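The lines below spell out each chain.
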Amino acid sequence: MKKLINETDAVIREQMEGMALAYPDQLRISTEPKFIVRTDAPVPAKVALVSGGGSGHEPLHGGFVGMGMLDGACPGEIFTSPTPDQMYACSLAVHSGAGVLLVVKNYTGDLLSFETAAELLHGDGIPVRTVLVDDDVAVKDSLYTAGRRGVGATLLVEKIAGAAAEAGYPLHAVAELAQKVALHSRSMGMALTSCITPAAGKPTFDLGPDEIEIGIGIHGEPGQRRIPIIDADKVTTLLACEILDDPPYTRIVRSFDPETGGWVEQRLTSAPFQPGDRVIALVNSMGGTPVSELYTVYRQLAAICQQRSIHIARTLVGAYITSLDMQGCSITLTRIDDEMLRLWDAPVKTPALRWGV
Amino acid sequence: MKKLINETDAVIREQMEGMALAYPDQLRISTEPKFIVRTDAPVPAKVALVSGGGSGHEPLHGGFVGMGMLDGACPGEIFTSPTPDQMYACSLAVHSGAGVLLVVKNYTGDLLSFETAAELLHGDGIPVRTVLVDDDVAVKDSLYTAGRRGVGATLLVEKIAGAAAEAGYPLHAVAELAQKVALHSRSMGMALTSCITPAAGKPTFDLGPDEIEIGIGIHGEPGQRRIPIIDADKVTTLLACEILDDPPYTRIVRSFDPETGGWVEQRLTSAPFQPGDRVIALVNSMGGTPVSELYTVYRQLAAICQQRSIHIARTLVGAYITSLDMQGCSITLTRIDDEMLRLWDAPVKTPALRWGV
Amino acid sequence: MISAATITAWLHHAATLLDEHKAYLTDLDAAIGDADHGVNIARGFNTVAQKIAAQPSQSLGLLFKTAGMTLMSAVGGASGMLYGNFFLKAAAVAGDRSTLDDADLLAVLEAGRDGIVQRGRAELGDKTMIDAWTPALATLREALAAEQPLTTALTRCAATAQQAMAATIPLQARKGRASYLGERSVGHQDPGATSTYLLLRSLSETVSNAALSTQDQPT
Amino acid sequence: MISAATITAWLHHAATLLDEHKAYLTDLDAAIGDADHGVNIARGFNTVAQKIAAQPSQSLGLLFKTAGMTLMSAVGGASGMLYGNFFLKAAAVAGDRSTLDDADLLAVLEAGRDGIVQRGRAELGDKTMIDAWTPALATLREALAAEQPLTTALTRCAATAQQAMAATIPLQARKGRASYLGERSVGHQDPGATSTYLLLRSLSETVSNAALSTQDQPT
Ligand SMILES: Nc1ncnc2c1ncn2[C@@H]1O[C@H](COP(=O)(O)OP(=O)(O)O)[C@@H](O)[C@H]1O
Ligand SMILES: Nc1ncnc2c1ncn2[C@@H]1O[C@H](COP(=O)(O)OP(=O)(O)O)[C@@H](O)[C@H]1O
Ligand SMILES: [Mg+2]
Ligand SMILES: [Mg+2]
Ligand SMILES: [Mg+2]
Ligand SMILES: [Mg+2]
């Protein structure tokens, strides 16, 4: 295994320490338990946004901590959910009194940990809400699976809800908006190669020299299917059509009710994309694919969207939600309205996303 | 070979087209000959900055075109210098009357092409100057080699000179400042793996599973030496010490004199780093190394700089000057003064570097 | 009567047994998950063993709570949260008792199992640890109702867990990571059901040992 | 007298010969450079051949200028700029002449070589194409001064280039990419010196062929 790391056990802590040193004016870290917060947290009267998940997906989530986006992030071990004590301590560190929104990617481990953290915070009298991100159309049904995984939409949820919080929206409004962004988003990814975790030291899965994996998750989980290698335009068409042709998707989302301290189950449906929709498009590298190759993907995606009268209002091309050194890409489309677009354009100052300031 | 590309011949054109689609408000491209310019070029009364080089190093240079940085960039074929007709046409497209500064990385092919372009532009009555970037301390002497290669410092030259041009500095002042940034910069890189060019389809060089290459160039040139794999702290120490212990470096720089239309040779010396120096630090991924690993490198770099009383005033961590999918990293340190720091902090709006706007 | 010492011994024995089967559990997870169940669970229970060795307690509520909190903060996988919840709910039932009679033990285990269901919302047949817990505890309840001695009842409970664990092989996963495989999850034994069997086996073995040594000693 | 037709034939023959040796040149460059010299130079001269076939000209100045501009815009490596400069300087000397006598040809070639030196600033012994050009043109100058026929003089010129090319093997590179290898560049033949030999060989062969066909024809 060839990686720029020291002791396997220290990888996450040392990366966090490096981040804190690189952004002394923007980030503060705790290593016991592990979390990253913006230096000016708690921001008075602002709803605090906290997310977290397994490490190995950088810049998600730590790279999105800062003005206009997250207040805190909890990194787990590589590809392993963070634990409720991290989320609890991190939330306490950023809570200003206006409540905490927990942004949860739909993985069983993450979900269960955030649910526990929500209960712990509620026990301390802190108003807390949760939003579930589950945008990966590679997972077809929600009835017989743990439901769609949370992937690219996480960035959009964190950016748009973060801007809403910064603009002074109250907790319930930030939570509703965050859930709306999640519902309006669909993603699909593929891998050209596997990735190598420091602990395993060998590729997570085997992929032949002429094979690619379609519908890959972000943990090196097996994807939907394995096919012979195809060119960038065909890859893009395949991913884009899965997203654009995806039928209505219904799932039961359990969210925390800060009034009762209990869990409320809601049946939520994502409507399919329609001609005339305005979208934000994210073309994302899985980590090992150089950004230059993403532009070939975007070129084809733009052509497909134009054919279908889907208007791309904003574009983001880069490595945002990765799987260590995996080569491959994912596409996320999020249907937007004027409010969402305004909040997307609002200033943001984080290590990985910055504009307007 | 697994890449997100279509026909090998079309790679650069399609990536450029994707960029233009992704940044319709910021970038305009020409594909015959190939160049990328900011949409608002020529910017009245502003010195125009033009750079270029072989492709495969993205986001360099196209990703640095925009307000506060480059006016135009000329991408060559992968790892191949662009040609004088590109540089000439690109310069004509961005020249507003205040002159053109050509930013040249020290590779024989680039140098010869830019020299020819300078003569062509001068022939058209356009005031033109050149600046040479040669910061790679892996190359030890300038007498018996083509001199140090231009690597990480290019970003700093383009940012700081770009800000100066935006601020209204006249051509000679922008050129002098650019040369100063280049002289004050030192870099060193290493590779964990080789890279694969679309044309070759196989790794550019062979590196054993337990070997790393120290002092690598950005074209997969052989480096200074090949050593058994070591951990991130040791890699960082090795690179940082090569940079910090590098003695005065003297070379003859040939630059274009717009008054005479001829070439002037100057003996220029880079002074070594000293305790008390203030620097900008760039920790750069060679493309395939995920950004998370760079933070471990930065952590150790910060410790070494502190020990030696080198004050890191600003930090940039990410994939900025790459070699396709090569895994590895490079470190650049640039000694700054107040003027340079102010210009570094000035607003910039390009695909790959953006702040303050 | 089960003492705090026996519960402490159970947790130590569980840590040893799970650590011995670490590679096996991880291999099972590699087939239908993310290859970390053995590592997760061994790290979790080893940390529990250290914690309770450092802070021994006569209160079973405190012991279980330490186990639950430790699993939750040390594991970071679905199973860590679920087993963590198991012990937290068990703690609530055990309270500040320092011994458990047979009925108490059953109540504690059932409360723990219910905690797993509450959090994970798995149903029988979803190919999860619940497919081991539920039949195994049903056996324990029946055996105790039939007034079998606790050691026998626990042995039968563990045996049912072992059968139930094997019975997850033909199932298609509908919860957790394995569910993404759809039909491809069929034909593999569920890692969580397997660690549940090992937990119940270690309980049975510890209680039997404790009973033996109690018999040995003149009371 | 060398006609525009002969120069045109030379450039076509050079394109063919360089294309045939493309892999060989690239392999030489792989050892001490970036493995593109054959590809670069073949692409460049093939484009030149196409251009001059599409726009035939009697002006040698125009022919050389087309060659020079084409190499500069089609190659994108050091050699493209250097050979491009060669032809631009040659064009300046040739002017609007449509034929060259022996002295003109020597002047054209020497001006071209000087253009390479001016741009690339290589000195003899730096292990570059100059190490082939300079001794080869010295031979040509001597042979013509000794009043040898042009065909003989060019044959000897090409022979010297071939020896000079081989003589780059023991040199350490001090210019271009190969210089970064330091001592590791010793023991390898310089790719640019090799393509220079092929250029001069194709010139010699083309002029000999033209002379033959002129002898054949009754004048
Ligand atoms: N919703 C659930 N309810 C009950 N058990 C579950 C659930 N989801 C997963 N599990 C159990 O967890 C096991 C996997 O645990 P582990 O590998 O440690 O966690 P992760 O899947 O987060 O890597 C599965 O084999 C299954 O028995
Ligand atoms: N400064 C120079 N002067 C003369 N010839 C040079 C110089 N630099 C390089 N060369 C020649 O160019 C050749 C390499 O050409 P090529 O591989 O096409 O370009 P690049 O090095 O840009 O890839 C070398 O073998 C050498 O003969
Ligand atoms: Mg697992
Ligand atoms: Mg896991
Ligand atoms: Mg070459
Ligand atoms: Mg080259």
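In what follows, the accompanying structure is described. Owing to the predicted nature of the structure, the values given are computational and were not obtained by experimental measurement.

1. Here's the deal with the interface of chain C and chain A
Taken together, the contact pairs 24 residues of chain C with 32 residues of chain A. Summing both sides of the interface, chain C and chain A together bury roughly 2100 Å²; the carbon and sulfur share of this comes to 52%. For the chain C face of the interface with chain A, the top three residues by lost area are C:Arg119, C:Arg121 and C:Tyr180, together amounting to 34%. Here chain C and chain A share eight residue pairs in polar contact (both at pLDDT 80 or more) between them. At the level of secondary structure, the elements contributing two or more residues to the side of chain C that touches chain A comprise helix 4 (60-74), helix 5 (78-94) and helix 6 (102-120) of chain C. Looking at side-chain class alone, the side of chain C that touches chain A contains nine nonpolar, seven polar and eight charged residues.

2. Side note on the packing of aromatic side chains
Counting across every chain of the model gives 20 aromatic pairs over all chains. Judged by centre distance (6.0 Å) and plane angle (50°), the ring pair of C:Trp10 and C:Phe87 falls under tilted. Here C:Trp10, found in helix 1 (residues 4-20), pairs with C:Phe87, found in helix 5; they are 77 residues apart in sequence, far enough to count as distant. Taken as a pair, C:Trp10 and C:Phe87 share a single burial class, namely buried. Relative to C:Phe87, the ring of C:Phe45 lies with its centre 6.2 Å away and its plane at 70°, an arrangement referred to as edge-to-face. Of this pair, C:Phe45 sits in helix 3 (residues 37-54) while C:Phe87 sits in helix 5, and the two are 42 residues apart along the sequence. C:Phe87 shares its class with C:Phe45; the two are buried. Three or more aromatic residues link up through ring pairs in this structure, and these residues are C:Trp10, C:Phe45, C:Phe64, C:Tyr83, C:Phe86, C:Phe87 and C:Trp133. When the ring centre of D:Tyr180 is taken as reference, the NZ or CZ atom of B:Arg149 above it lies at 4.8 Å.

3. Observations regarding the packing of helix 5 (residues 171-183) of chain B against helix 8 (residues 338-345) of chain B
Residue and element names in this part refer to chain B. Close contact between helix 5 and helix 8 brings their axes to 12 Å; oriented N to C, the two are set at 100°. Comparing their axes, helix 8 and helix 5 come out roughly perpendicular. Together, Leu177, Lys180 and Val181 of helix 5 and Glu339, Met340 and Leu343 of helix 8 make up the contact between the two elements. The residue inventory of the contact of helix 5 with helix 8, partitioned by class, reads four nonpolar, no polar and two charged.

4. Focus: the pattern of salt bridges
Where side chains of opposite charge bring their charged atoms close, a pairing between them can arise. If you walk through the whole model with that rule in mind, you get 74 salt bridges over all chains. Two residues, A:Glu77 and A:Lys34, come together in a salt bridge whose shortest N-O distance is 3.8 Å. A residue pair is termed long-range when its members are at least 10 positions apart, and A:Glu77 in strand 4 (residues 72-78) and A:Lys34 in strand 2 (residues 34-38) qualify at 43 residues. On the basis of relative accessibility, which here comes to 18%, the residue A:Lys34 falls in the buried class. Through salt bridges with shared partners, a single ionic network connects A:Glu115, A:Glu119, A:Arg254, A:Glu265, C:Arg119 and C:Arg121.

5. Quick word on the relation of the copies chain A and chain B
Of the two same-sequence chains, chain A is brought onto chain B (RMSD 0.0 Å, axial shift 0.0 Å) by a rotation of 180°. The superposition operator between the copies reduces to a two-fold rotation axis. Relative to the rotation axis, the C-alpha of A:Gly288 is the closest in chain A, positioned 2.2 Å from it. Residue by residue, 100% of the interface of chain A is reproduced at the interface of chain B, so both copies engage with the same surface.

6. Digging into the pairing of strand 8 (residues 211-214) of chain A
On any regular strand, side chains alternate: one points to one face of the sheet, the next to the other face. Residues and elements named next belong to chain A. Sheet analysis places strand 7 (residues 185-191) next to strand 8, joined by two bridges and oriented antiparallel. Note that in strand 8 the partner of Ala191 across the bridge is Glu213. Sheet topology places strand 8 next to strand 9 (residues 225-228); four bridges connect them, and they run antiparallel. Bridging across to strand 9, Glu211 finds its partner in Pro228.

Analysis parameters
- Residues numbered from 1 in each chain as written.
- Chains lettered and ligands numbered in written order.
- Predicted model: local features only at pLDDT ≥ 70, side-chain atom pairs only at ≥ 80, totals over all residues.
- Heavy atoms only, no water.
- Contact = heavy atoms within 4.5 Å.
- Buried area = accessible area lost by both parts, 1.4 Å probe.
- Polar contact = N/O pair within 3.5 Å; in protein donor to acceptor, adjacent residues only side chain to side chain.
- Helix = DSSP H or I, 4+ residues; strand = E, 2+ residues; numbered from the N terminus.
- Nonpolar A, V, L, I, M, F, W, Y, C, P; charged D, E, K, R; others polar.
- Phe/Tyr/Trp six-rings, centres within 6.5 Å; stacked < 30°, edge-to-face > 60°.
- Buried < 20%, exposed > 50% of the residue type's maximum accessible area, 1.4 Å probe, protein only.
- Lys NZ or Arg CZ within 6 Å of the ring centre and 35° of its normal.
- Axes fitted to C-alpha atoms, helices over the stretch in contact; angles between N-to-C directions.
- Parallel < 35°, antiparallel > 145°, perpendicular 65-115°, else oblique.
- Salt bridge = Lys/Arg side-chain N within 4 Å of Asp/Glu carboxyl O.
- Least-squares fit on C-alpha atoms with pLDDT ≥ 70 in both.
- Pairing = 2+ DSSP bridges.

Purely geometric numbers; function is a separate question.
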